[in-house]
Amino acid sequence: MIKDSDYEGDISSDCPAIVYFIRHYHPDMVPYLAPIASPMVAMSRVMKKKHGEGLKVVFIGPCFAKKAETTEVDEALTFRELREMFDSLNIRPENIDPSDFDPPHSGKGAIFPISRGLYYTANNHEVIPEERVIIAEGQVNYKEAIREFEDGYIRKKHLMLLCCEGCIMGPGTSPGGKRFARSNAVGEYVTRKLQAIDTTAWDQDMEEYCKIDLSQSFTPEDRRLAAPGNEEVLKALQSMGKFSPQDHLNCGACGYDTCVDHAGAIVKGLAETEMCLPYAIEKLHDSIDNLNVSNEKLARAKAALKQSEKLAHMGQLSAGIAHELNNPLGVITMYSNILMDEAKEGDAVHEDLKLIVEQAERCKKIVSGLLNFARKNQVTLTETDVVKFMQHSLNSIIKPENISSSFESTITDPVAKLDIDQMMQVLTNLEKNAIEAMPDGGNLHVSVEGDDEEVTFIVKDTGSGIKKENMDKLFTPFFTTKEMGKGTGLGLALIYGIVKMHKGKIHVDSNADPLQGPTGTTFRITVPRGN
Ligand code: ADP
Ligand code: MG
């Protein structure tokens, strides 16, 4: 064939795996498969000629692809299976006598299973000179050789292709075999055999059997899957975060040569997006980011929890204090009431005692208010004249001499429903804060506004003002800028709770920077009229 003048090149057909591959995936190349029987089939034909057509033939070799190669052999076993059979029947080298193969002997042909073996077995190297042969062995190489042959880069060459690196490394051999040691063992065996060969008998055998027809034909059996449509491939690429050619790293980590090949395989249902390493890494990064976000959220939740824990502690504390204060306050209330009854009405002492009674009463309310704070109680709404109420709150607090106060009302209907004890706490706390913000004196202006829906209490001072960075901390329990022992940081927290229970709003307006104009703070508490 090779000597023929119109020789176009061909592909050796002795490796059944290569033959399947070409028949299934390069069907156009089937005509180039050498139309020659494999050594197994050839030997089977020799055996049948020698022992008759009814002979049953069992092949034993290093490859499981042999099992489906032909119908001319009844069974094909691998060396592994042979070992298992030996093991189960307890057949071991030490308990059997060795004997040689029956003729016809292979002679040089025995070198065939090692790498480049087919080339070495060729009798006449003038017929197959090295430059006419291309040898490609192993998974990657044989595919490339076929592709290049099909694409016309290789012409008039004989392709010797093997799926494995020599049949000695075939999948039917014991795993973990040493390639070069095996090759060496086969080489030494063949040399030893050739030295001892009976050449006359061998020549006679060759003459007898060389007339056997060793031809073989192959049929294409296209198994290629239809190429997926461009759009689907594009979609699959995008699902792996590949939107432009720069995203195609073609790193091969997925097992496919290119990202497009991988995408095609995904479309065919043969691969997964997760097989793309860069994509998997990117996803991992995303999950790490997400994890960080959750972590941050967790930290915030923890802080909030701490806050409410503080509040709970405070609740316990105030419950304790309330319990202790209630009795002495009861005594004060009782005795001041008795004294007030005894004093003459209109007398200055009577007025003083009245104030004591009132303030002691308030103390009791505040104490139970603290308990409410801990228990997050509800409000008891009573119809109130808010103008009088506000004026009363201003009158009840002690004002240093350097602070002037003023009161104003623009409301027409002064009646609203409030929890008077709790709302009194709100107003007095605001007024106390205002006074404390004006250690060098100033003006405390208190006013009431309102419409049909709601009323607004306004407490305005000309004090130091609240710094911008403190504005969002004001209502946090225990936030105070006052020195130890002076401030508790609970006033505004309490106010916040009470106003919320009234379904009201708090608005703060403040300037702490003299360069921006006069300093001072205005608190506006707006609550619905509660009708
Ligand atoms: P405390 O009065 O015990 O410090 P508060 O909750 O009543 O606690 O107030 C918290 C903080 O808000 C105060 O320490 C102060 O810094 C600021 N603040 C409240 N009201 C005023 C105001 N009218 N002028 C300036 N700062 C104020
Ligand atoms: Mg305060």
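About the criteria used
Residues numbered from 1 in each chain as written. Chains lettered and ligands numbered in written order. Predicted model: local features only at pLDDT ≥ 70, side-chain atom pairs only at ≥ 80, totals over all residues. Heavy atoms only, no water. Helix = DSSP H or I, 4+ residues; strand = E, 2+ residues; numbered from the N terminus. Rg over C-alpha atoms; globule rule 2.2 N^0.38 Å. Buried < 20%, exposed > 50% of the residue type's maximum accessible area, 1.4 Å probe, protein only. Contact = heavy atoms within 4.5 Å. Areas by Shrake-Rupley, 256 points an atom, 1.4 Å probe, with all protein chains shown as cover. Lys, Arg positive; Asp, Glu negative; His and termini not counted. Charge placed at Lys NZ, Arg CZ, Asp CG, Glu CD. Near = heavy atom within 4 Å. Polar contact = N/O pair within 3.5 Å; in protein donor to acceptor, adjacent residues only side chain to side chain. Nonpolar A, V, L, I, M, F, W, Y, C, P; charged D, E, K, R; others polar. Pairing = 2+ DSSP bridges. Domains from an automatic or database assignment. Axes fitted to C-alpha atoms, helices over the stretch in contact; angles between N-to-C directions. Parallel < 35°, antiparallel > 145°, perpendicular 65-115°, else oblique. Patch = residues over 30% accessible without salt bridge, like charges linked within 9 Å, V, L, I, M, F, W, Y side chains within 5 Å. Salt bridge = Lys/Arg side-chain N within 4 Å of Asp/Glu carboxyl O. Disulfide = S-S within 2.5 Å. Phe/Tyr/Trp six-rings, centres within 6.5 Å; stacked < 30°, edge-to-face > 60°.

A tally of helices and strands in the protein chain yields 14 helices and 12 strands. Here the protein chain has a C-alpha radius of gyration of 51 Å; the compact-globule value for 531 residues is 24 Å, and the former is much larger. Here the C-alpha coordinates of the protein chain stretch approximately 155 × 55 × 40 Å along the principal axes. Buried positions account for 34% of the 531 residues belonging to the protein chain. A separation threshold of at least 6 residues defines the contact pool for the protein chain, and within that pool the share at least 24 residues apart is 67%. Approximately 32,900 Å² of the protein chain is accessible, and the part contributed by carbon and sulfur atoms is 55%. Side-chain charges of the protein chain comprise 59 positive and 78 negative groups, with the mean position of each set lying 2 Å from the other.

Around ligand 1 lies a shell of 19 residues, among which Thr480, Thr481, Lys482, Thr488 and Gly489 are the nearest. One of the side-chain N or O atoms of Asn433 is found 2.9 Å from an oxygen atom in ligand 1. Contact distances for ligand 1 include 2.8 Å between an oxygen atom and a backbone N or O atom of Leu492. Looking at the shell around ligand 1, the elements that each hand over two or more residues are helix H13 (420-436), helix H14 (491-501) and strand S12 (520-528). Of the residues assigned to the shell around ligand 1, the class counts are 8 nonpolar, 9 polar and 2 charged.

Let us look at the sheet that holds strand S4 (residues 133-137). An order of S1-S5-S4 is seen for the 3 strands of this open sheet, with the pairing classed as parallel. Two strands in the sheet have a free side with no partner beyond their single neighbour: strand S1 (10-11) and S4. Bridge count between S4 and strand S5 (residues 158-162): 5 bridges; the pairing is parallel. Its bridge partner lying in S5, Ile134 is registered against Leu159.

Moving on, we get to the domain arrangement of the protein chain. You can read the domains of the protein chain as domain 1 (10-209), domain 2 (230-275), domain 3 (296-376) and domain 4 (377-531). Averaged C-alpha coordinates put domain 3 and domain 4 at centres separated by 19 Å.

Before going further, it helps to spend a moment on the packing of helix H8 (residues 230-239) against helix H9 (residues 259-267). Helix-helix packing: each pair is described by the crossing angle between the helix axes and the interaxial distance. In contact at an axis separation of 8 Å, H8 and H9 are set at 105° when each is read in the N-to-C sense. As far as their axial angle goes, H9 and H8 are roughly perpendicular. Mapping the contact onto sequence places Glu232, Val233, Ala236 and Leu237 in H8 and Cys259, Val260, Ala263, Gly264, Ile266 and Val267 in H9. For the contact of H8 with H9, the class distribution of residues is 8 nonpolar, 1 polar and 1 charged.

This part is about the environment of Ile321. Structurally, Ile321 is set in helix H10 (residues 277-342). The partly exposed category is assigned to Ile321, whose relative accessible area is 39%. Spatially, the C-alpha atoms of Ile321 and Val367 are 7.8 Å apart, while their sequence positions differ by 46 residues.

Nonpolar side chains collect at one region of the surface, where Val331, Met334, Tyr335 and Ile338 lie side by side and expose about 380 Å² of accessible area between them. Within the secondary structure layout, Val331 lies in helix H10.

An order of S7-S9-S10-S12-S11 is seen for the 5 strands of this open sheet, with the pairing classed as mixed. Two strands lie at the open edges of the sheet, namely strand S7 (403-409) and strand S11 (505-511), each paired on one side alone. Across the sheet, the mean angle from the axis of one strand to that of its neighbour is 10°, orientation sign disregarded. Where S11 meets S12, 7 bridges bridge the pair, whose relative direction is antiparallel.

Next up on the list: the pattern of salt bridges. Summed over the entire model, instances satisfying the criterion amount to 13 salt bridges. Counted as one network, the salt bridges with shared partners bring together Arg23, Glu221 and Arg223.

All right, on to the state of the cysteines then. Applying the stated rule across the entire model yields 0 disulfides. Left without a disulfide partner, Cys163 is nearest to the cysteine sulfur of Cys164, which lies 5.1 Å away. Exposure remark for Cys163: the relative accessible area of 13% places this residue in the buried category.

Another aspect to go through is the side chain of Thr333. With respect to the helices and strands, the residue Thr333 is situated in helix H10. A relative accessible area of 9% places Thr333 in the buried class. Excluding its chain neighbours within four sequence positions, the residues that come into contact with Thr333 are Ala360, Glu361 and Lys364.

In terms of strand pairing, S7 meets strand S9 (residues 442-450) through 7 bridges, oriented parallel. In the sheet register, Phe407 faces S9, and the bridge partner there is Val446. Across 7 bridges, the pairing between S9 and strand S10 (residues 454-461) is antiparallel. When the bridges of S10 are listed, Glu449 appears paired with Thr456. Count of turn residues in the S9/S10 antiparallel hairpin: 3 residues.

With an omega of 5°, the peptide bond running from Pro103 to Pro104 counts as cis. Locating Pro104 in the fold gives a position in the loop between helix H3 (79-88) and helix H4 (117-121). Phi angles above zero are rare outside glycine, and Lys156 is one such case at about 50°. Here Lys156 shows up in the loop between helix H5 (139-150) and S5. Positive phi is not limited to glycine here, since Lys503 has a value of about 60°. Within the secondary structure layout, Lys503 lies in the loop between H14 and S11. Looking at Lys503, the relative accessible area reads 69%, which means it is exposed.

Counted by the stated rule, this structure contains 5 aromatic pairs. Measuring from ring centre to ring centre gives 5.6 Å for Phe21 and Tyr25, while their planes differ by 45°; the resulting arrangement is tilted. Taken together, the positions of Phe21 and Tyr25, both in helix H1 (residues 16-25) and 4 residues apart, correspond to about one turn of that helix. By relative accessible area, Phe21 is classed as buried at 16%. The interplanar angle of 85° and the centroid separation of 5.3 Å between the aromatic rings of Tyr32 and Phe149 together place this pair among those described as edge-to-face.

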